[in-house]
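Each chain, letter by letter, is given below.
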Amino acid sequence: MSDQLLRAVQGGVHAVDLGRQLRVGMPQSPNHPQFWHTLPRRHGDMTRADGGSAANDMITTGTHVGTHIDALAHVSQDGKLHGGADAGRSCLGGKYVEHGVHTIEPMIRRGVLLDIPRLLGVGRCEGGYEITVDDLESACAAEGVEIGAGDVVLIRSGWGQLFAEGLPYVGGPSGVPGVGEAGAQWLADRGVHAAGADTIAFERLAPGSGHGLLPAHRVLLVESGIYIIEALDLEELAQQELFEFTFLLVPLNIFGATGSPVRPLAVRSA
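So, how was this worked out
- Residues numbered from 1 in each chain as written.
- Predicted model: local features only at pLDDT ≥ 70, side-chain atom pairs only at ≥ 80, totals over all residues.
- Heavy atoms only, no water.
- Helix = DSSP H or I, 4+ residues; strand = E, 2+ residues; numbered from the N terminus.
- Rg over C-alpha atoms; globule rule 2.2 N^0.38 Å.
- Buried < 20%, exposed > 50% of the residue type's maximum accessible area, 1.4 Å probe, protein only.
- Axes fitted to C-alpha atoms, helices over the stretch in contact; angles between N-to-C directions.
- Parallel < 35°, antiparallel > 145°, perpendicular 65-115°, else oblique.
- Left-handed = near helix turned anticlockwise from the far one by under 90°.
- Contact = heavy atoms within 4.5 Å.
- Pairing = 2+ DSSP bridges.
- Arc of directions from axis to C-beta.
- Salt bridge = Lys/Arg side-chain N within 4 Å of Asp/Glu carboxyl O.
- Core = buried A, V, L, I, M, F, W, Y, C linked by side-chain atoms within 4.5 Å.
- Phe/Tyr/Trp six-rings, centres within 6.5 Å; stacked < 30°, edge-to-face > 60°.
- Right-handed = clockwise from strand over helix to strand, strands pointing away.

> It is not clear to me how the overall build of the chain should be interpreted in this structure. Could you clarify?
A tally of regular secondary structure across the chain gives seven helices and 15 strands. For the chain, the C-alpha radius of gyration of 20 Å lies close to 18 Å, the compact-globule estimate for 270 residues. Over its C-alpha atoms, taken along the principal directions, the chain stretches across nearly 70 × 50 × 40 Å. Across the 270 residues in the chain, those meeting the buried criterion constitute 44%.

> What is the right way to read the packing of helix α5 (residues 181-189) against helix α6 (residues 215-223) from this model?
The axes of two packed helices give the description: the angle between them and the distance between them. Contact geometry for α5 and α6: axes closest at 7 Å, N-to-C directions at 25°. Taken together, the axes of α5 and α6 lie roughly parallel to each other. Note on packing geometry: the crossing formed by α5 with α6 is right-handed. Facing α5, whose interface residues are Glu 181, Ala 184, Gln 185, Leu 187 and Ala 188, α6 presents Pro 215, Ala 216, Arg 218, Val 219, Leu 220 and Glu 223.

> Would you mind going over the sheet that holds strand β9 (residues 152-156) with me for this structure?
Strands belonging to one sheet form pairs held by backbone hydrogen bonds; the direction of such a pair is parallel or antiparallel. Judged by pairing direction, the sheet is mixed, and its nine strands sit side by side in the order β1-β15-β13-β7-β9-β11-β12-β4-β14 without closing on themselves. Of all strands in the sheet, those bounded by a partner on one side alone are β1 (13-17) and β14 (259-261). Across the sheet, the axes of successive neighbouring strands diverge by a mean angle of 25°, strand direction being ignored. On the sheet, helix α3 (residues 133-143) packs against β7 (107-115) and β9 and is oriented at approximately 100° with respect to β7. Taken strand by strand, α6 contacts β4 (68-70), β11 (194-197) and β12 (227-230), and its axis lies near 135° from that of β12.

> Explain α3 here, please?
Helical geometry: 3.6 residues make up each α-helical turn, so side chains three or four residues apart lie on a common side. All buried positions along α3 are accounted for by Asp 135, Leu 136, Ala 139, Cys 140 and Glu 143. Looking straight down α3, one finds its buried side chains confined to an arc of 135°; they lie on one side. Opposite the packed face of α3, turned more than 90 degrees from it, sit the exposed residues Asp 134 and Ala 141. In this structure, the buried side of α3 is in contact with β7, α2 (116-120), β8 (130-131), β9, β10 (178-179) and α5.

> Is there a simple way to explain the pattern of salt bridges in this structure?
Opposite charge on two side chains makes pairing possible when the charged atoms of those side chains draw close. This model, assessed by the stated rule, comprises ten salt bridges. Its salt-bridge partner being Arg 263, residue Asp 17 comes within 2.8 Å of it at the nearest N-O pair. Here Arg 263 lies in the loop between β14 and β15 (265-269) and Asp 17 lies in strand β1, a separation of 246 residues in the sequence. Given a relative accessible area of 27%, Asp 17 falls into the partly exposed group. Between Glu 241 and Arg 118 there is a salt bridge whose closest N-O contact spans 3.9 Å. Here Arg 118 lies in helix α2 and Glu 241 lies in the loop between α7 (235-239) and β13 (244-249), a separation of 123 residues in the sequence. Overlapping salt bridges, with partners in common, bring together Arg 110, Asp 151 and Glu 244 in one network.

> Please clarify how the nonpolar core should be interpreted in this entry.
Burial of nonpolar side chains together is a common tendency in soluble globular proteins. Counting residues in each nonpolar core, the largest one holds 55 residues, and the members touching the most others are Leu 154, Phe 202 and Leu 237. Here this core gets five residues from one element, more than from any other, and that element is α6. Residues Met 26, Trp 159, Ile 200 and Ala 201 belong to the second largest nonpolar core, which totals 13 residues.

> What is the right way to look at the packing of aromatic side chains in this model?
Any pair of aromatic rings gets described here by the distance separating the centres and the angle formed by the planes. On inspection of all chains with the given rule, the structure shows one aromatic pair. Geometrically, the ring pair formed by Phe 163 and Tyr 169 is edge-to-face, given 5.0 Å between the ring centres and 75° between the ring planes. A relative accessible area of 10% means that Phe 163 is categorised as buried.

> What is the right way to read the side chain of Ser 260 from this model?
Here Ser 260 lies in strand β14. Setting aside residues no more than four positions away along its own chain, Ser 260 makes contact with Thr 63, Thr 67, His 68, Ile 69, Val 101, Pro 251 and Leu 252.

> How should the pairing of β12 be read in this particular structure?
Two faces, one strand: in a regular strand the side chains alternate between the faces of the sheet. Burial of β12 is two-sided: the residues Tyr 227 and Ile 229 facing one way and the residues Ile 228 and Glu 230 facing the other way are all buried. With three bridges connecting them, β11 and β12 associate as parallel partners. Bridging from a neighbouring strand, Ala 194 pairs with Tyr 227 of β12. A crossover connection joins β11 to the parallel β12 through α6; in handedness this β-α-β unit is right-handed.

> What's the story with unusual backbone geometry in this structure? I'm lost.
In terms of backbone geometry, most residues other than glycine have negative phi values and most peptide bonds are trans. Phi angles above zero are rare outside glycine, and Ala 231 is one such case at about 60°. Within the secondary structure, Ala 231 sits in the loop between β12 and α7. Unusually for a residue other than glycine, Glu 241 sits at a positive phi of about 55°. Taking the relative accessible area as the measure of exposure, Glu 241 reaches 45% and is therefore partly exposed.

As far as function goes, none of this settles anything; it's purely spatial.
Shown next as structure tokens:
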């Protein structure tokens with residue numbers, strides 16, 4: 001057998017699930033439709049002659065709920081999407097044909113975790129804390145990793161510890177930690193393929209400001225063509241100190257959508 005990847009898989013792999021479980025009532029940005037799940041048919045509602053029955057489900061959801069990826073169609077600046085595409089004309093028949101989530105190829109790439117609380121010696125970053133370029137570079141040095149072109153960089157703030165609490169995770173009055181414009185530009189300068197975080201909007205949200213200004217989204221999505229992954233669960237990855245791994249992510253193939261729920265994996269040989 002000459003396939004090295006297949007040999008590695010047969011030798012055993014260790015996977016860490018980075019996705020949040022989709023549940024009704026989970027915290028999310030107020031700008032997006034909520035996730036809803038119900039069972040229109042339950043066992044016993046209809047029973048076959050042989051005694052068997054089946055249940056089925058129905059879900060309604062925004063595409064930016066739970067752990068999800070932003071397509072390049074998600075954000076525009078001055079009426080333009082990435083590459084100068086006209087934001088209005090790109091929405092043909094109610095679908096973003098040019099930069100929709102269906103254009104995101106499955107990701108099998110080198111992943112890097114930058115654990116900022118570990119660097120700062122805290123349990124989690126405070127609300128509204130801006131993760132600086134110095135923080136990012138110091139985390140790389142402390143972990144012995146370098147960011148290369150095509151990598152997927154995941155930035156842990158520790159804020160994901162609040163996900164189960166609901167509104168505190170959204171951040172409102174407290175703000176949410178994350179990179180700002182300078183940190184986003186640092187990532188773009190290194191040619192990363194995607195960047196993710198354990199927070200609701202990836203970037204820093206100032207206390208009380210909500211989602212009013214999102215400069216990192218502009219830098220990454222519009223100016224640089226870099227995908228953003230939000231609401232990741234990075235706690236287990238940090239506990240295991242897995243700073244470098246194979247990152248797997250496949251969006252739902254929804255034609256023309258601006259994003260998709262995802263269930264990413266960090267994989268290493270066992």
